[in-house]
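# Report on the structure
One letter stands for each residue in the lines below.
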Amino acid sequence: MYFIGIFCSLAAWYLFICSKCKVQPQNSRGQCDNKTVCKSDVHTSACRRHPTNMDAVVDASAENAVHGEDGAAKLQDRLQRRHQARIEDTERRKEAKQSQSVAEEKIGYFSSTFNSERASIAELLSTCSGADRAAATQKLEDATVKTAQLQKFVNDSVCFLTQYELRQAQDALQKLQASLAETREEALPKKKFAFRSRTKAAEKVSKQATDSPPDVGRSPDSGITKTDGAPASQQCGFSYMNNAFLTKTAEEILNQDVLLTHLTNCKVRLFGSPSTLHLKHIDSCEILCGPVSTSVFVDNCRNSILAVACQQLRTHNTTDTQVYLHVTSRAIIEDCKGVSFAPLSWSYPTMQEDFSVSGLDPGRNNWNQVDDFNWLAAGTPSPNWTVIPEEDRKTTWDP
């Protein structure tokens, strides 16, 4: 009974409040003008149909709706951007993986092809031993052609090979060329110079000549030391010369291995297309050479100017030297300091013909792509070589 009485009292109080709300006067906007009743906390909290409270509820709901729409739009935009970023990252990883796979495939193909061709050339050279002169000549010619093709294959693969792989291939090629030269020397030895028949007068002259010791030394015109009684014409190059102007014609150096060694303060002009060029112990010289069909090797050169076209340039122990270069693969330096490079600017009337003879591509020149085997820091230029500024490059040459 006690609880029933309390419930009835609360119900009567609620009905009284609601009756007061229904009879309140309203203004033109439908709002209650009874300030006394409206200020009542009880009335404000109890009457949900009061116009003033309804406006507040509607405004709050509209504001919440606006904020809700903005938040949803921002959330959707953020999710969209995140999704797009994930797609782009996935694509980048996919492309990087594909590029790596392609590079690995290229390197794998290069290694297998290079090793197979090198083994084929080595086997061909091994069959020259004991063969007659005609068969040995043919096999050596085939080996020479295959070696040149293998050199070209290496040059064409430079763009995707690492420095280590390129160095290994070039070292293997150098050994192969040395083996080819040794095999040629064994299978096709050069005939020694000798008199086949002599008359009595010739014997008398020969006897008089034997009374005095032979002049073993350097040829005055070429500077080449005579060895084993061979005439100087069989040896191509210059050695142990000072303060001299030295030249060789295209006929003299065609397909020859040219050696220049121990030259000081000399000017050398080699017109034509030799097979290889070796420069050793060169000091304060200016050496200009036509297109070399294979490699140029420079060792112990200082304070000099070199101008040459070749397939490959390898420079060792060289300091303070300018190189005007046309190279179809890449230049390599090792244990060098103060070496500077510029494109080849020396020419002579028959140079284009010599380019054709050498097989070099005149339109392909990697003169500024230099690998320093003593500087393997990726992304940082080597301090051992530089590019000659255009204003300091040599453009005119003495005849």
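Residues numbered from 1 in each chain as written. Predicted model: local features only at pLDDT ≥ 70, side-chain atom pairs only at ≥ 80, totals over all residues. Heavy atoms only, no water.

## Comments concerning the overall build of the chain
Basically, it comes down to this: The secondary structure listing takes helices from DSSP runs of H or I that are at least 4 residues long and strands from runs of E that are at least 2 residues long, numbered from the N terminus. Only the protein chains shown count as cover for residues, with accessible areas throughout obtained via the Shrake-Rupley method and a probe of 1.4 Å.
Across its full length, the chain holds nine helices and 14 strands. Carbon and sulfur atoms form 54% of the exposed surface of the chain, whose accessible area is close to 25,000 Å².

## Some words on the pattern of salt bridges
Basically, it comes down to this: The salt bridge definition used is simple: a Lys or Arg side-chain nitrogen within 4 Å of an Asp or Glu carboxyl oxygen. Buried means the residue's accessible area, taken with a 1.4 Å probe over protein chains only, is under 20% of the maximum for its type, while exposed means over 50%, and partly exposed covers the values in between.
Taken as a whole, this structure holds seven salt bridges when the rule is applied. Between R167 and E334 there is a salt bridge, with its nearest N and O atoms 2.8 Å apart. Of the two residues, R167 sits in helix α6 (residues 163-187) while E334 sits in strand β11 (residues 331-334), which places them 167 residues apart along the sequence. R269 is paired through a salt bridge with E286; the nearest N and O atoms lie 2.6 Å apart. Taken together, the residues span a long stretch of sequence, with R269 in strand β4 (residues 267-270) and E286 in strand β6 (residues 286-291) at a distance of 17 residues. For the residue pair R269 and E286, the accessibility class agrees, reading buried in each case.

## With respect to the packing of helix α5 (residues 133-156) against α6
Where we set the bar: Axes, fitted as lines to C-alpha atoms, cover a helix only where it is in contact. Angles between the N-to-C directions of the axes lie from 0 to 180 degrees. Here the angle decides the label: under 35 degrees means roughly parallel, over 145 means roughly antiparallel, 65 to 115 means roughly perpendicular, and every other value means oblique. Put simply, a crossing is left-handed when the front helix is turned counterclockwise from the back one by less than a right angle, and right-handed when it is turned clockwise. In what follows, a contact means two residues having at least one pair of non-hydrogen atoms within 4.5 Å. Side-chain classes are defined by residue name, with Ala, Val, Leu, Ile, Met, Phe, Trp, Tyr, Cys and Pro counting as nonpolar, Asp, Glu, Lys and Arg as charged, and the others, Gly among them, as polar.
Close contact between α5 and α6 brings their axes to 11 Å; oriented N to C, the two are set at 165°. Accordingly, the angle class assigned to the pair α5 and α6 is roughly antiparallel. Considering only the axes of α5 and α6, their crossing is left-handed. Facing R133, A136, L140, A143, T144, T147, L150, Q151 and V154 of α5, the residues of α6 in contact are L166, A169, L173, L176, Q177, L180, T183, R184 and A187. Class assignment of the residues belonging to the contact of α5 with α6 gives a composition of eleven nonpolar, five polar and two charged.

## Re helix α9 (residues 351-358)
An α-helical segment advances 3.6 residues per turn. Residues three or four places apart therefore align on the same side. Heads up, the condition is: It is the directions from the helix axis to the C-beta atoms that the arc portrays.
Considered for burial, the residues of α9 that qualify are M351, D354, F355 and S358. Taken end-on, α9 shows its buried residues confined to a sector of 105°, consistent with a single buried face. Of the exposed residues in α9, the ones pointing more than 90 degrees away from its buried face are Q352, E353 and S356. For α9, the secondary structure elements touched by its buried residues are β6, β8 (305-310) and β10 (319-327). Of the residues trailing α9, G359 is marked for its positive phi of about 85°.

## Some remarks on the pairing of strand β3 (residues 257-264)
For clarity, the cut-off: What makes two strands pair is DSSP finding at least two bridges between them.
Pairing between strand β1 (residues 237-242) and β3: five bridges, direction parallel. Looking across to β3, one finds that N242 is bridged to T264. Here seven bridges tie β3 to strand β5 (residues 276-283), and the two strands are oriented parallel to one another. If you follow L259 over to β5, its bridge partner there is H278.

## Section: a positive patch on the surface
For clarity, the cut-off: Patch membership needs two things, relative accessible area over 30% and no salt bridge, and members are linked within 9 Å if like-charged or within 5 Å if nonpolar (Val, Leu, Ile, Met, Phe, Trp, Tyr). A positive count includes Lys and Arg, and a negative count includes Asp and Glu. His and the chain ends are not counted in either. To locate a charge, the coordinates of NZ of Lys, CZ of Arg, CG of Asp or CD of Glu are taken.
Taken together, the side chains of K74, R78, R82 and R86 present a region of like positive charge at the surface. Looking at where R86 falls in the secondary structure, it is placed in helix α4 (residues 51-126).

## A closer look at unusual backbone geometry
Unusually for a residue other than glycine, S284 sits at a positive phi of about 55°. Tracing the chain through its elements places S284 in the loop between β5 and β6. Phi is positive for N317, close to 50°, though the residue is something other than glycine. Mapped onto the elements of the fold, N317 is located in the loop between β9 (312-316) and β10.

## Quick notes on the nonpolar core
For soluble globular proteins, nonpolar side chains are generally found buried alongside one another. The criterion, for reference: For the purposes of this section, nonpolar cores are sets of buried Ala, Val, Leu, Ile, Met, Phe, Trp, Tyr and Cys residues that join through side-chain atoms within 4.5 Å.
Core analysis: the biggest nonpolar cluster contains 37 residues, and L260, L263, L270, L277, L313, L325 and F341 have the highest contact counts within it. In this structure, L270 is in contact with F238, K248, I253, V258, L260, L277, L288, C289, G290 and W346, ignoring residues within four places of it in sequence. If you look at the next biggest cluster of nonpolar residues, it comprises 19 residues, including F114, A143, V154 and A172.

## Brief notes about the side chain of Q170
Inspection of the secondary structure assignment puts Q170 in helix α6. Taking the relative accessible area as the measure of exposure, Q170 reaches 1% and is therefore buried. The contact partners of Q170, leaving out residues within four places of it in the chain, are Q312, R314 and I332.

## Some thoughts on empty space enclosed by the protein
Note the cut-off: The method works on a 1 Å grid over the protein atoms by themselves. A cavity is a set of points holding a 1.4 Å probe that cannot get out, a pocket is an open set with protein on both sides within 12 Å along at least five of seven lines, and residues with an atom within 4 Å of a point line them. Grid points are joined across faces, edges and corners, and a volume is the space filled by probe spheres set on the points.
Overall, the coordinates contain two cavities of 30 Å³ or more when judged by the stated rule. The calculated volume of the largest cavity comes to roughly 90 Å³. The wall of the largest cavity is formed by 14 residues, among which L279, V296, V298, L306 and V308 lie closest to the centre. Of all the elements in the fold, those that place two or more residues in the lining of the largest cavity are β5, β6, β7 (295-302), β8, β9 and β10. With three residues, β8 is the single largest residue contributor to the lining of the largest cavity. Partitioned by chemical class, the residues of the lining of the largest cavity number eleven nonpolar, three polar and no charged.

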